[in-house]
2 protein chains.
Amino acid sequence: MNPILRLSSSDSDFDARLKSLLAFEAAQDESIERAVSEILTAVRLEGDAAVLAYTKRFDKLEAATLADLELSRVDLDAALAGLPAEQRSALEEAAARVRAYHERQLMQSWDYVEEDGTRLGQKVTALDRAGLYVPGGKASYPSSVLMNAIPAKVAGVRELIMVVPTPRGERNPLVLAAAAVAGVDRVFTIGGAQAIGALAFGTETIPQVDKIVGPGNAYVAAAKRRVFGTVGIDMVAGPSEVLIISDASGDPDWTAMDLFAQAEHDELAQAILLCPDAGFIEKVAESIARLLPGMPRAATIAASLAHRGALIRVRDLAEACAIANRIAPEHLELAVEDPEPLIAQIHHAGAIFAGHWSVEALGDYCAGPNHVLPTSRSARFSSPLGVYDFQKRTSLIRMSKAGAQRLGRVASTLAHGEGLQAHARSAELRVEAK
Amino acid sequence: MNPILRLSSSDSDFDARLKSLLAFEAAQDESIERAVSEILTAVRLEGDAAVLAYTKRFDKLEAATLADLELSRVDLDAALAGLPAEQRSALEEAAARVRAYHERQLMQSWDYVEEDGTRLGQKVTALDRAGLYVPGGKASYPSSVLMNAIPAKVAGVRELIMVVPTPRGERNPLVLAAAAVAGVDRVFTIGGAQAIGALAFGTETIPQVDKIVGPGNAYVAAAKRRVFGTVGIDMVAGPSEVLIISDASGDPDWTAMDLFAQAEHDELAQAILLCPDAGFIEKVAESIARLLPGMPRAATIAASLAHRGALIRVRDLAEACAIANRIAPEHLELAVEDPEPLIAQIHHAGAIFAGHWSVEALGDYCAGPNHVLPTSRSARFSSPLGVYDFQKRTSLIRMSKAGAQRLGRVASTLAHGEGLQAHARSAELRVEAK
């Protein structure tokens, strides 16, 4: 394998090399764009018939009606009942913890009354319907069903509709069991851009949703971007990343394995270590070399570490935090003895795993917080998936007569300044009222 | 003028006619897309030089350096000082009220400790830098500066950078005064896709921001869509809309003027009345006919009402609320004697103006809540612009040893189920630790 890149923050070209290490351009493939545009148009115009035709063509799955592709509650419960006891209880414990954490995110309506009787507020409501895309095949993760579905149900979404392709009819029982545990309301075994179109526009059988969440391949991502506006979407995720800040107090094998856990996702995944101790970095490199051959996904890990990984020597932990803020990593592990002072210095990260016991894998499955996190530096401006993504706010304005008459003058002055005379007149009518 | 459309919810084709009334497709213009793509690439590669060249070409404004196009605090303060006293105090009162309302939206960090010592939480931080686009020319609204800038500053954004084109050097003193009142940190007199590119990628003179907000023309909207991901953006707004629900208890002139206030924005603006009383609808139609000729923007109002307006007779107020939820209007006026029961029935709206005194124009300028609201049915899944758009969350996970060792088994089971053995091993290393 290629060795993992070594950098030092004191290198004269460090800034440029860090920038090139982080660079990632999501390629936009014109042939994918054209195919997706065609599929979405067909689904919008022909509804069920188009979805059935594409499902036959892409998933080799035939059905007389789209209703035949809906799974029943019995199917989901059977999948759950069929799991080995250990898997079932792990899934249920993870769901319970994720639910408990997310319940703390629920937003509440508020209002206040001013002296003249004017009442202002913010009314919070849930989305009526949400769609959850779940990929088929090898990228099909039950944990992802929990992480996407539970916030929606905690928010109070009335109907959560999951779509999951089942090529040639092959179902993933873990995914269906997770849907049962998470409280998904309806499941259709469709996928691809046609499933996104069905959720976004609605068909005879599938109701239009208000927002679509969940990961997918390039076709699904392109389709989500295109239906944005007609429905809400979550972020389109880039490759997964971990940044580990170490003070050399930990076990190098743990650090190596934590880097592997990120790198095993795919070759584009990014795993970076920041540490002020050259000796510890050397030990981690030795652990990587020793442990890698024993990993079932060694090839993927090796490719990821070689192309996108790095072991970076920094001056001190304060500089490590500054670099972390520049990277705004999806996952940040603070593998240090005393993480509290560092937590205070971190402004941009999807999730912080503080201390040696807080390994990312716990957050991926069962610690409680969401594992859908902002990637590719977007933690500078966005947040983990949460209950708040399934709630929205409505401003509430109830003016008293006195309030309207006083503020009407202000509004009128400003409206005239903008040349909007009807705005001004509609305010003045209230000012002039007896 | 064409008469305004009359519909009744009891018409057999009502659903179809309502759907076609609401239909609005934002046209994507290929020539705009190509031009914007070229401009963004030039700004990304050539920085200041490209911005200067486009500003010369599009705005007929020449400068030796981009720094010459930055306005100073003195420029902004001079604009404010130069306003007539009434305008200045209106602007300051509006800003104070908007600030007071938005301060209630501030999100706070939280955490909790579990029995085994594990601490979970959510850390809230502000964006470092935000960009505010302000259009030049006739669509340049000082109120829009307040509504976009104040939430950012309340959130704690460290540096708020405004861009506003000044074709041929013509500045809008009201806009600059609003920037002074709102606490904008830096102002550059640039616009168009080149300004969006400068904010999104950064240049030698203009620092990269984390999010760009504010309205703009088709070029600006296309540029914002394209830089989304590199930076955050707000929603790309469609035409403005008002839906008025009347119980016939109000003054028909008020209702007519409130419809005008929406319709005067532009010909695509949409103003719709729902009322169960045919006689009142007739009176509103008479008010429209009588008042319209006196309006300075009569031509725009007439075109908007003729193409996209409607007076709709409904069975009762409950049906009016159901239709409102289907429309999910940007602005909803409840022009009724007792709005409270109706407020409870409304699930989807950008802002609710409750009662006869709560005219939309007050909300546009100075009631307090934001006037940047979700359009084109997107209130089904999105919210008014707010402080929360300039804050983001980081999940915080600090496991205790006992917590990691118990949950490590759960994570390991689930990770093996997903075929992610390095995830499993990294959790197991903690479980096995002495």
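Predicted model only: the values in this text are computed from it and were never measured. (Residues numbered from 1 in each chain as written. Chains lettered and ligands numbered in written order. Predicted model: local features only at pLDDT ≥ 70, side-chain atom pairs only at ≥ 80, totals over all residues. Heavy atoms only, no water.)

**Structural notes on the interface of chain A and chain B**
Note: interface size is frequently given as the accessible area lost on complex formation between the parts.
Reasoning step 1: Tallying the contact residues gives 116 residues for chain A and 116 residues for chain B.
Reasoning step 2: Interface area, chain A with chain B, both sides summed: about 10400 Å², of which 59% is carbon and sulfur.
Reasoning step 3: Our count for the chain A to chain B interface comes out at twelve salt bridges.
Reasoning step 4: For the salt bridge of Arg380 of chain A with Asp210 of chain B, the shortest nitrogen-to-oxygen distance reads 2.8 Å.
Reasoning step 5: Where chain A meets chain B, there are 70 residue pairs in polar contact (both at pLDDT 80 or more).
Reasoning step 6: Per element, the largest residue contribution to the side of chain A that touches chain B is twelve residues, and it comes from helix α16 (residues 401-417) of chain A.
Reasoning step 7: When the residues that make up the side of chain A that touches chain B are grouped by side-chain class, the tally is 60 nonpolar, 30 polar and 26 charged.
Reasoning step 8: One ladder, built from three bridges, connects strand β14 (residues 351-354) of chain A with strand β15 (residues 391-398) of chain B; its direction is parallel. Bridging across to β15 of chain B, Ile352 of chain A finds its partner in Leu396 of chain B. (Contact = heavy atoms within 4.5 Å. Buried area = accessible area lost by both parts, 1.4 Å probe. Salt bridge = Lys/Arg side-chain N within 4 Å of Asp/Glu carboxyl O. Polar contact = N/O pair within 3.5 Å; in protein donor to acceptor, adjacent residues only side chain to side chain. Helix = DSSP H or I, 4+ residues; strand = E, 2+ residues; numbered from the N terminus. Nonpolar A, V, L, I, M, F, W, Y, C, P; charged D, E, K, R; others polar. Pairing = 2+ DSSP bridges.)

**Remarks on the relation of the copies chain A and chain B**
Reasoning step 1: Mapping chain A onto chain B calls for a rotation angle of 180° and an axial translation of 0.0 Å; the resulting RMSD is 0.0 Å. Here the two chains are linked by the operation of a two-fold rotation axis. (Least-squares fit on C-alpha atoms with pLDDT ≥ 70 in both.)

**Some remarks on the domain arrangement of chain A**
Reasoning step 1: Under the domain assignment, chain A is made up of domain 1 (30-233), domain 2 (239-341 + 349-378) and domain 3 (399-432).
Reasoning step 2: Averaged C-alpha coordinates put domain 1 of chain A and domain 3 of chain A at centres separated by 46 Å. (Domains from an automatic or database assignment.)

**Here we look at helix α10 (residues 252-263) of chain A**
Residue and element names in this part refer to chain A.
Reasoning step 1: Under the 1.5 Å per step criterion, the end-to-end length of α10 is 16 Å for twelve residues, consistent within 8% with the ideal 16 Å.
Reasoning step 2: Where burial is concerned, most of α10 is hidden: eleven out of the twelve residues are buried.
Reasoning step 3: Turning to α10, its buried residues are Pro252, Trp254, Thr255, Ala256, Met257, Asp258, Leu259, Phe260, Ala261, Gln262 and Ala263.
Reasoning step 4: The backbone nitrogen of Asp253 has a side-chain oxygen 2.7 Å away, supplied by the residue at the start of α10, namely Asp251. (Expected span 1.5 Å × (residues − 1). Buried < 20%, exposed > 50% of the residue type's maximum accessible area, 1.4 Å probe, protein only.)

**Remarks on the packing of helix α2 (residues 30-46) of chain A against helix α9 (residues 218-227) of chain A**
Residue and element names in this part refer to chain A.
Reasoning step 1: Running from N to C, α2 and α9 point in directions that differ by 60°, and their axes come no closer than 9 Å. When the axes of α2 and α9 are compared, the pair comes out oblique. The element α2 and its partner α9 pack so that their crossing is right-handed. Contacts between α2 and α9 involve Ile32, Glu33, Ala35, Val36, Ser37 and Leu40 on the former and, on the latter, Ala218, Tyr219, Ala222, Ala223, Arg226 and Val227. (Axes fitted to C-alpha atoms, helices over the stretch in contact; angles between N-to-C directions. Parallel < 35°, antiparallel > 145°, perpendicular 65-115°, else oblique. Left-handed = near helix turned anticlockwise from the far one by under 90°.)

**Some remarks on the confidence of the model for chain A**
Reasoning step 1: In this model, chain A carries an average pLDDT of 95, and 98% of its residues clear a pLDDT of 70 or more.
Reasoning step 2: This prediction of the complex comes with two scores: 0.96 for pTM and 0.95 for ipTM. (pLDDT = per-residue confidence, 0-100.)

**Details of the side chain of Arg97 of chain A**
All names here are of chain A.
Reasoning step 1: By secondary structure assignment, the location of Arg97 is in helix α5 (residues 85-103).
Reasoning step 2: According to the relative accessible area criterion, Arg97 is buried, its value standing at 11%.
Reasoning step 3: In terms of polar contacts, Arg97 uses its side chain to reach the backbone carbonyl oxygen of Cys366, at 2.9 Å.

**Side note on the layout of surface pockets**
Reasoning step 1: One number sums up the size of the second largest pocket: a volume of about 310 Å³.
Reasoning step 2: Lining of the second largest pocket is provided by 19 residues; of these, Leu106, Met107 and Gln108 of chain A together with Gln105 and Met107 of chain B occupy positions nearest its centre.
Reasoning step 3: Of the residues in the lining of the second largest pocket, the class split is nine nonpolar, six polar and four charged. (1 Å grid on protein atoms, 1.4 Å probe; cavity = no way out; pocket = protein on both sides within 12 Å on 5 of 7 lines; lining within 4 Å. Points joined across faces, edges and corners; volume = space filled by probe spheres on them.)

**So, the pattern of salt bridges**
Reasoning step 1: For the structure on display, the rule yields 46 salt bridges over all chains.
Reasoning step 2: For Asp15 of chain B, the salt bridge is made with Arg326 of chain B, and the minimal N-O distance between the two is 3.2 Å. Here Asp15 of chain B, found in helix α1 (residues 14-22), pairs with Arg326 of chain B, found in helix α13 (residues 317-327); they are 311 residues apart in sequence, far enough to count as distant.
Reasoning step 3: Residue classification places Arg326 of chain B among the partly exposed positions, given a relative accessible area of 38%.
Reasoning step 4: One salt bridge connects Arg119 of chain B with Asp111 of chain B, and the closest N-O pair in it is separated by 2.7 Å.
Reasoning step 5: Assessed through its relative accessible area of 16%, Arg119 of chain B is described here as buried.
Reasoning step 6: Salt bridges sharing common partners tie together Asp111, Arg119 and Arg398 of chain A together with Glu340 of chain B.

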